[in-house]
Every structure is written in structure tokens, then in C-alpha cells.
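Chain by chain, the residues run as shown.
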There are 2 protein chains.
Amino acid sequence: MKRRITLQDIALDLNLTPATVSRALNNHPEISDKTKKMVEETATRLDYNRNKIASSLRSGKTHVIGVLIPTAEPAFFGSVIHGITNIANSSGYDVIIYQSNEMYEYEVKGIKAFMSARVDGILASISKETIDCSHFINAKRNGIPVVLFDRVNNDLDIPSVTVDDYQGGFIATEHLIEQGYKRIAHVSGPQHIKAFYDRLKGYRGALQANGIRFDASLVYAGDISIEAGKAAVENFLKLPVRPDAIFAVEDFAALGVIKQLKARGIKMPEEMGVFGFCNDLFSEHITPGLSTIDQQTVLMGQEAVKMIFHIIDNNNGMYQPSKVVLDPLPVIRESSLRVST
Amino acid sequence: MKRRITLQDIALDLNLTPATVSRALNNHPEISDKTKKMVEETATRLDYNRNKIASSLRSGKTHVIGVLIPTAEPAFFGSVIHGITNIANSSGYDVIIYQSNEMYEYEVKGIKAFMSARVDGILASISKETIDCSHFINAKRNGIPVVLFDRVNNDLDIPSVTVDDYQGGFIATEHLIEQGYKRIAHVSGPQHIKAFYDRLKGYRGALQANGIRFDASLVYAGDISIEAGKAAVENFLKLPVRPDAIFAVEDFAALGVIKQLKARGIKMPEEMGVFGFCNDLFSEHITPGLSTIDQQTVLMGQEAVKMIFHIIDNNNGMYQPSKVVLDPLPVIRESSLRVST
DNA sequence: CTGTTAGCGCGTTCAG
DNA sequence: CTGAACGCGCTAACAG
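Because the structure is predicted, anything quoted here is derived from the model rather than measured. (Residues numbered from 1 in each chain as written. Chains lettered and ligands numbered in written order. Predicted model: local features only at pLDDT ≥ 70, side-chain atom pairs only at ≥ 80, totals over all residues. Heavy atoms only, no water.)

(A) Expanded view of the overall build of chain A. Helices and strands together make up the secondary structure of chain A, namely twelve helices and twelve strands. A globule of 341 residues ought to have a C-alpha radius of gyration of about 20 Å, yet chain A, at 26 Å, is considerably larger. When its C-alpha atoms are laid out on the principal axes, chain A stretches across 90 × 35 × 35 Å. Excluding contacts between residues fewer than 6 apart, the proportion of contacts in chain A whose partners are at least 24 apart in sequence is 73%. By element, 52% of the accessible surface of chain A is carried by carbon and sulfur atoms, the whole surface being about 14,400 Å². (Helix = DSSP H or I, 4+ residues; strand = E, 2+ residues; numbered from the N terminus. Rg over C-alpha atoms; globule rule 2.2 N^0.38 Å. Contact = heavy atoms within 4.5 Å. Areas by Shrake-Rupley, 256 points an atom, 1.4 Å probe, with all protein chains shown as cover.)

(B) Highlighting the interface of chain A and chain B. With 55 residues of chain A in contact, the opposing surface of chain B contributes 55 residues. Here chain A and chain B share an interface that buries about 4,800 Å² over both sides, 51% of which is from carbon and sulfur atoms. Linking chain A with chain B are 30 residue pairs in polar contact (both at pLDDT 80 or more), by the criterion used here. Residue assignment for the side of chain A that touches chain B shows that the elements contributing at least two residues are helix H4 (52–59), helix H5 (75–90), strand S2 (94–99), helix H6 (104–116), helix H7 (134–141) and helix H11 (251–263) of chain A. The greatest single-element share of the side of chain A that touches chain B, amounting to eight residues, is contributed by H5 of chain A. Taken together, the residues of the side of chain A that touches chain B break down into 23 nonpolar, 19 polar and 13 charged. Direction of pairing for S2 of chain A relative to strand S2 (residues 94–99) of chain B: antiparallel, over a ladder of three bridges. Its bridge partner being in S2 of chain B, Val95 of chain A is matched across the sheet by Ile97 of chain B. (Buried area = accessible area lost by both parts, 1.4 Å probe. Polar contact = N/O pair within 3.5 Å; in protein donor to acceptor, adjacent residues only side chain to side chain. Nonpolar A, V, L, I, M, F, W, Y, C, P; charged D, E, K, R; others polar. Pairing = 2+ DSSP bridges.)

(C) Just the relation of the copies chain A and chain B, in detail. Mapping chain A onto chain B calls for a screw motion: a turn of 180° about the axis and a shift of 0.0 Å along it, with 0.1 Å RMSD after fitting. Such a combination of rotation and displacement between the chain copies is what one expects of a two-fold axis. Here 100% of the contact residues of chain A are again contact residues in chain B; the copies associate through an equivalent surface. (Least-squares fit on C-alpha atoms with pLDDT ≥ 70 in both.)

(D) The protein's contact with DNA strand C, seen in detail. Around DNA strand C, 24 residues are found, and the nearest of them are Thr20 and Arg58 of chain A together with Leu7, Tyr48 and Arg58 of chain B. Put simply, 58% of the atoms of DNA strand C that lie within 4 Å of the protein are in sugar or phosphate. Ser55 of chain B is positioned with one of its side-chain polar atoms (N or O) 3.4 Å from a phosphate oxygen of DNA strand C. Looking at the surface near DNA strand C, the elements that each hand over two or more residues are helix H2 (18–25) and H4 of chain A together with helix H2 (18–25) and helix H4 (52–59) of chain B. Its residues assigned to classes, the surface near DNA strand C comprises eight nonpolar, ten polar and six charged. (Near = heavy atom within 4 Å.)

(E) Inspection of the pairing of strand S6 (residues 184–188) of chain B at higher detail. Residue and element names in this part refer to chain B. Extensive coverage of S6 is indicated by the burial of five of its five residues. On S6, burial covers both faces: Ile184, His186 and Ser188 on one face and Ala185 and Val187 on the other are all buried. Pairing between S6 and strand S7 (residues 219–221): three bridges, direction parallel. Across the sheet, the residue bridging to His186 is Val219, located in S7. In this fold, S6 hands off to helix H9 (residues 194–209), which returns the chain to S7; that crossover is right-handed. (Buried < 20%, exposed > 50% of the residue type's maximum accessible area, 1.4 Å probe, protein only. Right-handed = clockwise from strand over helix to strand, strands pointing away.)

(F) Inspection of the domain arrangement of chain A at higher detail. By the assigned domains, chain A splits into domain 1 (7–50), domain 2 (60–163 + 296–328) and domain 3 (165–295 + 330–336). Once you take the C-alpha centre of each, domain 1 of chain A and domain 2 of chain A turn out to be 36 Å apart. (Domains from an automatic or database assignment.)

(G) Structural detail: the sheet that holds S6 of chain B. Residue and element names in this part refer to chain B. In space, the four strands of this open sheet follow the order S7-S6-S8-S9, with parallel pairing throughout. Strands with a single pairing partner mark the edges of an open sheet, and in this sheet they are S7 and strand S9 (273–275). Taking the axes of each pair of neighbouring strands and ignoring which way they run, one obtains an average angle of 15° across the sheet. Where strand S8 (residues 245–248) lies against S9, three bridges are found, and the strand directions are parallel. (Axes fitted to C-alpha atoms, helices over the stretch in contact; angles between N-to-C directions.)

(H) View of the pattern of salt bridges. Residue and element names in this part refer to chain B. What the rule picks out here adds up to 20 salt bridges over all chains. For Glu102, the salt bridge is made with Arg151, and the minimal N-O distance between the two is 2.8 Å. Placement of Glu102 in the loop between S2 and helix H6 (104–116) and of Arg151 in the loop between strand S4 (146–149) and strand S5 (160–163) is noted, with a sequence separation of 49 residues between them. For Glu102, a relative accessible area of 16% corresponds to the buried category. We note a salt bridge from Asp165 to Arg199, for which the minimum N-O separation is 2.8 Å. A residue pair is termed long-range when its members are at least 10 positions apart, and Asp165 in helix H8 (residues 165–178) and Arg199 in helix H9 qualify at 34 residues. The two residues Asp165 and Arg199 agree in class, both being buried. (Salt bridge = Lys/Arg side-chain N within 4 Å of Asp/Glu carboxyl O.)

See the structure below:
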């Protein structure tokens, strides 16, 4: 392995000092164009490659963003990462990924790793287990700005990018009502996660706005999993009066609902309407096509990076936490579309 | 923002020198247990957090792995990342992600960024455009080991983790033959990518092994996209004698095939058998369920990290590039399963 | 416009 | 078992 070329090497080659070479490469205004050109030429000739580590140590900026997600497995977070890294990379930032695997312990470890790596900013989506959020507060106290996306905490003074979950739940439920469904059930998710809490609220809001009495037995305390959806169906079918539509808190849960309804020979959308939330990649391609709420995942990632860049650039102390709320986009497919009332 | 705690702070607090504190925290054998305990206590008390940057600069090791993928959008790469980061993180490594967006230019930029970040190793899956691979050679020359996964180059002396694509193509085709299909078509992908090239070869191999003459008109030069699958179907239906089964090089292409066959009212698997490759998340949930080859994505990621760690640990020059080839696992679903011949 | 000096925080010599 | 001194490669401050 050949020794790496340093600023020193370029400087010696041109009878300059490392400092000048550094400034030239950083396009410092006080360097003559002639020198800049010379330096750049020898840099490429010698195949120079800046040591980002040394640069970071000296400048105190790493140009690295840490992204903490529950898991990269479903398409959802892959899509957000897609949005994040493309913008970050084209702005000269590196992105490091850490997965909590939905566990509080790993989430805390991830933040520690980010602090140790001296990232310039953190984007995070909290795990299902997470209730105590002091690790985020701690990062902020250490001067690392944090932006939460999608899965945020209810009462945290941290900027965030989310979709309007209340509105999404409202739209989904109201759509089912408009399609003539009378008894609409809901498969909910863990309530300490604001997104899931808000979707339930949106569901209730739509019922109320349309003069339908809320019936607690029509809410199944589920989760974002296929199994939860299946279990919810079994639960609903045992009721004295079964529902005629199900709004699931998330697409995988809705998928479970669909699978179980199929297994029971219940026709969608005729006998039972189904609505999801997320617009995961598969939703379009299953049968029946799943009606759902698009969360604009790529955009969500992009907005989150933009926000963190904004905070990084204005770190003169006074930054007021802002919340970006994206519009939930209804995507209507066969699972909820009755031809006529 | 409070100043970050350094080794110096701990040293002052305990009347020691930074050197001793450093050794204590690194569990150096020549430090007394008593001192180690003291140091660790004050470290946690002062909320010390090692500056990885300074450490990297000094030691020459960053404990960072760069992962270059075409795109994080489909579930496939998300799944690989899942496998990679979990092992890497639990081994104290950070993972930085870069997307080529299937473009050669960005791929080269990504490798440059990794070199600049002084990553200890690179895992990469090459873009569709990539033909010249000198950027990988260059990284190796600079002492950064490279392991390719899934999308590798034909004639490169670089260790890699792939699935046995020939075998996969063979199994898929032979399965269709066993199901009684007589005219089996193939939607192929860009041939400079070894994986796609091998799948075509496996297809031909299975035909030959079963005494079926290869017919060039039954191979559609496609791509890994829904559109390619749809176009392939249109192409095949125009033939004088249409095929009765289609093996697509990848699941999205197969999805396009299924969609177009549905649009044309052609029944699967009765009139046309369909087989994919990848076992993407959606394949199980569409109708009909897509028969496909599972690539063991999570395992692939894990094997890739393990291999790069192995190389990093034995960087005493002599490491012979090895190729790990995973078994392709057939997953048979409705799209190719005729009840009887 | 360029050179000089110094130091970011750590780990690794070499002493003792 | 611990301390003293140095340097990884770069950039910021101050000269000139």
C-alpha cells in the first residue's frame, strides 16, 4: 500500500506551505487564481485525497449526519433514507445509519455512537419501546442538533418532520363513511407513539363529525404487523355485530387484515372495506389494491435533512424548534371502493 | 453548549496523565485494576464520550465501513443494509451509506467520499451503468479493502458475496419444465452485470439439460423494472407461437409480467406460468403469489461484513480474494404451480 | 496574497 | 505500573 499524499507533499512539490495549499483547495478568497490552479493541478496529478478525519478534528465539523431508524427492512425507511442521503451527499455530507431494531437500549447506543463520531446532526425516528427521551436531550445539550421524523415523541421540544396523522386518520375514516360503510373498526398501534395516537384521534374525529357514535369495542389495540391485523379480524368477527369496514393504523396491519378476510372468505370491498396507512411499496400490488394514506417518505427525508442543515448553519444559539407537517395523501384503490352504495 | 469532556479533564480530576487515562479506558493490560475502576467511574460521572475523530486520526483506523448501493428504495437493499449495520454496529463499527442512483458518476463520487472519510473497508454493489471498475481498484491500491455483493463485475479480482445466479436460473427454469410448461420465455437484464448474465445462462442450461431447444425469440432483453416486464409480455404475445411460461430476471420485472397478463385476461398459472428472482417483500403478498428465488438478503449483508472484517483484521498483505456464493432458495407460490400437468 | 505558529484530542513510543 | 513527549494531517490566528 502506497503512502497517502498529504498537503505537505503538494506544498513541497510547489515550494509552498501546507497552509497555503489548504486554503487553495478550500477556495479561500485570499488566494490568487494562479496558485489555486497550480495547486489543483498537482493535487490531481499526485492523486491527493483530503483526510477528512484530520480536517474534522481541526475544524470541529465532521460533515456527517447520523440517521437513526427502527429498522431498514421495510420499504418505508429505505425510502426515507433514499431521500436523506441523496440530498446530504450532494451537499458534501456523509450519512451514517444506525438501527434500533425497535429496542430502547440500541437506540441509546446509537445516539452514543453518533456523539462519539461527533456527527454534526442527528435525524431520528424513535423505537416502539422508547418512552424516556433523555438521550436526545443529552445530544442537544452537547451541541448536536436533533430532528425527529415520522415517529416523534408527544411532549418533546424537538423540531420534527411528520405527516399530519390526525388528518390522515380523519380522511381515511371519512372516505369509508362516504363509501357507505356504517360500522367502521380501527386497528390501532402503541399509543405512546404520537403518530398512532393521532391516527386514532383522527378516526374518532371523523366519526364524530359525521354523527356516528364511537364504539370502543370497534378499536383493537394492535400493532404494525401482519399478525396484529389477522388477530384484529378474528376479534372483530366474534363481535355480536361485526363491523363492515376496517381502518388499520399501518399497511402491514392492513395486509394482515386482508389476508385473514380472504381466509374467511369475506369479500372486499363488498362485505368489508379496508384502509391502511403508509402506502408501502407492496400496497399497490396486492389484491385487492390497498387504499391507504401516502406519507411522502422521500420528501419526508428530504425535509428532515434540510431542516437539520438549517439548524447546523444557524447555530448561533437562537433557533426555535419548528415542526414541519406534511399533507397526508389519500391513495384510493379497490379495497375500499364500493362501486355504489 | 457545554465544552466536551476530554481525557485531560479526567486526568486532572484524578491527578493522572491523559496517557494513563487513555490506557485505562482501552483496557490496557499494564494498568492496575484499581486505576481502571477509578477512571471508568469518573468517566461516567463526567459524562465522558471518546472523540472518535481524534482517535481515528491518531490510530489510522476509523472503524467505519462504507456501503455503496444503487438505491435504498426497494426492499432488497434495505434488507441487506439491515444485515450489514446490525453486525457492524455490534462490532463497534459505524456504517456510512452512499447511493449511486444507478449512475456511474455518483458511484465514483461515493468511493471518493469513502476514501476521504478514511473508511476501513468498502462494501459495494455496482450500478447498472458501471463497466469500468478502476475506482474500486484505486481504493484497494490505497489500502482500503473492497468486497462486492450481489451486483459484482465479471472479471474483477475482488472478493464478493453473491447468490449462485446460474443455479438460481437453472432451478427456476427446471421447476417450470417440471410443471409441464413447454415454451418457456425469459425476461433478461443488462448482460454486463454478472448476476443477470448468469441467470440467463442458468435458464439455457436447464433447457439443454431437459432436451429443449433454445429459441432466441423467447428471450426479451429487458431490465429490472415493472415496465420491462409489461413490455416483454406484449412482445411475447406477438410471437407466432406464444410461450406458456415466463421466467423474469427479477421480481419487479415479474410483477410487470403479472400485471400485463392480468390486463390481457391471461390466467396464471393455467395459461401462463410466471417465475421471478429476488423474493422481494411484495412477492408473497400479490395475487397470484409470485414463485421466485430467495437471495437471502440479510445473510448476504452479514456475510459481506464478516468478510470485510476478516480482510481488515488480516491486512498483513497476503489475503487471497475469496468468493462466497450463497444458495438460491426456491420459493414456490401460485404463479407457477399448476395443480396437475 | 502567503508564511509561521500552534493546537484540535488522542494513542504510542520511550523512560523510569 | 505510570509519566513525558511527540505527532497523526489539517486549519485558524496572526503576521508580514
